[in-house]
Amino acid sequence: MTELNFHGRKTLPARGQPWNELQVAMSDMRGDDPDWRYGPPLNVYYAGEDVLDVARRAYAMFICEDALAPAAFPSLRRMQDDIVAISLSLLGGGDDAVGTMTSGGSESIVLAVRSAHRAFRARHPGVRRPHLLMPSSAHPAYDKAADLMGVDVVRVSIGGDYRASVDVLAQCISSETMMIVASAPSLPFGAIDPVEDIARLAREYEVWLHVDACVGGFLAPHVARFLPGLPRFDLSIPGVRSLSADLHKFGYAAKGASVLLYADAEDQEYQHFEYFDWPKGVYRTDTLSGTRPGGAVAAAWAVLHYLGESGYRALAQRVMHIRDRYIEGIERIPGLHLLGAPHLSVIAFGSDEYDIHLIGDAMQARGWPVSRLSNPAALHLTLTPGHDQSMDAYLSDLERAVHQRERGALRSQSRTVVAY
Ligand SMILES: Cc1ncc(COP(=O)(O)O)c(C=O)c1O
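Below is a short write-up of the structure. This one's a predicted model, so the numbers in the text were calculated from it and none came from an experiment.

How each quantity is defined
- Residues numbered from 1 in each chain as written.
- Predicted model: local features only at pLDDT ≥ 70, side-chain atom pairs only at ≥ 80, totals over all residues.
- Heavy atoms only, no water.
- Helix = DSSP H or I, 4+ residues; strand = E, 2+ residues; numbered from the N terminus.
- Rg over C-alpha atoms; globule rule 2.2 N^0.38 Å.
- Buried < 20%, exposed > 50% of the residue type's maximum accessible area, 1.4 Å probe, protein only.
- Contact = heavy atoms within 4.5 Å.
- Areas by Shrake-Rupley, 256 points an atom, 1.4 Å probe, with all protein chains shown as cover.
- 1 Å grid on protein atoms, 1.4 Å probe; cavity = no way out; pocket = protein on both sides within 12 Å on 5 of 7 lines; lining within 4 Å.
- Points joined across faces, edges and corners; volume = space filled by probe spheres on them.
- Nonpolar A, V, L, I, M, F, W, Y, C, P; charged D, E, K, R; others polar.
- Near = heavy atom within 4 Å.
- Polar contact = N/O pair within 3.5 Å; in protein donor to acceptor, adjacent residues only side chain to side chain.
- Axes fitted to C-alpha atoms, helices over the stretch in contact; angles between N-to-C directions.
- Parallel < 35°, antiparallel > 145°, perpendicular 65-115°, else oblique.
- Left-handed = near helix turned anticlockwise from the far one by under 90°.
- Pairing = 2+ DSSP bridges.
- Core = buried A, V, L, I, M, F, W, Y, C linked by side-chain atoms within 4.5 Å.

From N to C terminus, the protein chain includes 12 helices and 13 strands. Computed over its C-alpha atoms, the radius of gyration of the protein chain comes to 23 Å, within 12% of the 22 Å expected for a compact globule of 420 residues. Its C-alpha atoms give the protein chain principal-axis dimensions of about 65 × 65 × 50 Å. Across the 420 residues that make up the protein chain, the buried fraction comes to 50%. Taking as baseline every contact in the protein chain between residues at least 6 positions apart, the subset at least 24 positions apart corresponds to 70%. Surface summary for the protein chain: the accessible area is close to 20,300 Å², and the carbon and sulfur share equals 50%.

Right, dumping it as structure tokens:
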């Protein structure tokens, strides 16, 4: 069936193939993929067949519509307005708060960095090399953004609690700092940074503070309802100027959905892009992407309304219960310990006795997709509602892998730690 050209490259088939054959071919290709419904971890947020079905149907309904052109598709404009309004109401937006829907966490972050950079340049035209100041645990999307914009990044060490250290940030802030970043929570360690303290620092130096709530934005507000004491991180904290939150993570929407929110509409002005000087007149976008999938907007809108507050709260309770049971199970295995005190359902664990990456290899050999940290060496889990199905099997395989290690049965091999 595969047709190759003289470069040995696959070509477009000479004749089209029927769907049933394509479906079989794609199911075969899926053969080596992990079962993302139940097994940790790999960036899939599965909340059950019913939620998936709603997302799938909504996506299919709007598969051709383009969210770049809200005037052409008032339906998508309305849905995006609703999504932003709901996000603002969950994440502390006041009267002046506004937001935009984007395709994902990285796009929200790149746009936030661009807005902060433009705001900084407007106020400090003399500063030649502004920088982003952030804890070492911040996501590399900021480095990508800085690279695109030609600004520097100053990554600073975090505290022993695996959270941003306000003291270290205070030592490194300067008149060239254009933005500080805090995470809620950080992807590596799952801890929410001390945003209230960082916001005080940002206010004192008049620096833009962005909160990366890509992971926690649609989980923490529901967890906070039944778990008092969760650190605050949202737009209601004076000094937080922008915040990103991903619907395609704990919003359980289809991939391609995030929001970038601003505490003050004036800051969003820096996000707009307009161009006139070409034959087709005004070209205006608020996002990096031009054409954007209407399906992703529709799926996010539908899932938010399908689950509602009670649905999200029930899922949040389930996720936190699963996380507690994983933590208990890991801490029961001699030689393993948790890194810090994760606030939500992202956790990392390491060992002072064993090479934890060898244990990761053994887990991988047993068929578990393994997410790793390199510094400090650790294994990493993002626990989602489906993970109760695999928890007992995962924990008993983990225990076996540690016993194997005790008996010296695991051998070192070189590996590259890949972060998703
Ligand atoms: C804390 C954090 N920020 C940003 C991102 C980037 O999000 P995306 O992969 O949707 O671009 C991630 C992704 O996992 C993340 O965990």
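All told, the structure shown has two cavities of 30 Å³ or more when counted by the stated rule. By volume, the largest cavity is sized at about 40 Å³. Taken together, Met-101, Thr-102, Ser-103, Gly-256, Arg-292, Pro-293, Ala-296 and Val-297 make up the lining of the largest cavity. Where the lining of the largest cavity is concerned, the elements lending two or more residues are β1 (98–102) and α10 (294–332). Split into classes, the residues belonging to the lining of the largest cavity amount to four nonpolar, three polar and one charged. If you add up the space inside the second largest cavity, you get close to 30 Å³. Ile-333, Pro-334, Glu-399, Val-402, His-403 and Glu-406 are the residues that line the second largest cavity.

Taken together, Gly-104, Gly-105, Ser-106, Ile-109, His-139, Leu-187, Asp-212, Cys-214, Val-215, Asp-246, His-248 and Lys-249 are the residues near the ligand. Here a nitrogen atom of the ligand sits 2.7 Å away from a polar atom, N or O, in the side chain of Asp-212. Relative to its unbound accessible surface of 390 Å², the ligand loses 87% to contact with the protein. Broken down by element, the residue count for the shell around the ligand peaks at three residues, all from helix α4 (residues 105–123). A class-by-class count of the residues in the shell around the ligand yields four nonpolar, five polar and three charged.

This next bit is on the packing of helix α3 (residues 74–90) against α10. Contact geometry for α3 and α10: axes closest at 9 Å, N-to-C directions at 50 degrees. It follows from the interaxial angle that α3 and α10 lie oblique. Here the hand of the crossing between α3 and α10 comes out left-handed. Between α3, through Leu-76, Met-79, Gln-80, Asp-82, Ile-83 and Ile-86, and α10, the contact on the second element is made entirely by Gly-294, Val-297, Ala-298, Ala-300, Trp-301, Leu-304 and His-305. A breakdown of the residues in the contact of α3 with α10 according to their chemical character gives nine nonpolar, three polar and one charged.

Now for the sheet that holds strand β13 (residues 377–382). Strand order in the open sheet formed by four strands is β10-β11-β13-β12, and the pairing between neighbours is antiparallel. The open sheet has two edge strands, β10 (336–338) and β12 (371–374), and neither has a second partner. Averaged over neighbouring strand pairs, the angle between their axes works out to 35 degrees when direction is ignored. Of the strands in this sheet, β10, β11 (346–351) and β13 touch α10, which is tilted by about 0 degrees from β11. Running at roughly 45 degrees to β13, helix α11 (residues 356–365) makes contact with β10, β11, β12 and β13 of the sheet.

Below, the discussion takes up the nonpolar core. Residues Ile-180, Leu-209, Phe-233, Leu-243, Leu-247 and Tyr-252 are the most contacted members of the largest nonpolar core, which totals 70 residues. Of all the elements, α10 adds the most residues to this core, at 13 residues. Apart from the residues lying within four places of it in its own chain, the contact partners of Tyr-252 are Tyr-45, Ala-47, Val-51, Leu-247, Val-303, Leu-307, Tyr-312, Leu-315, Val-319 and Pro-385. Judged by nonpolar contacts, the second largest core, of 25 residues, contains Tyr-326, Leu-338, Phe-349 and Met-363.

Our focus in this paragraph is the packing of helix α2 (residues 49–61) against α10. The contact between α2 and α10 brings their axes to 7 Å, and the two run at 145 degrees. The hand of the α2/α10 crossing is right-handed. Contact with α2, carried on its side by Asp-50, Val-51, Val-54, Ala-55, Ala-58 and Tyr-59, involves Gly-295, Ala-296, Ala-298, Ala-299, Ala-302, Val-303, Tyr-306 and Leu-307 of α10 and no other residues of that element. Partitioned by chemical class, the residues of the contact of α2 with α10 number 12 nonpolar, one polar and one charged.

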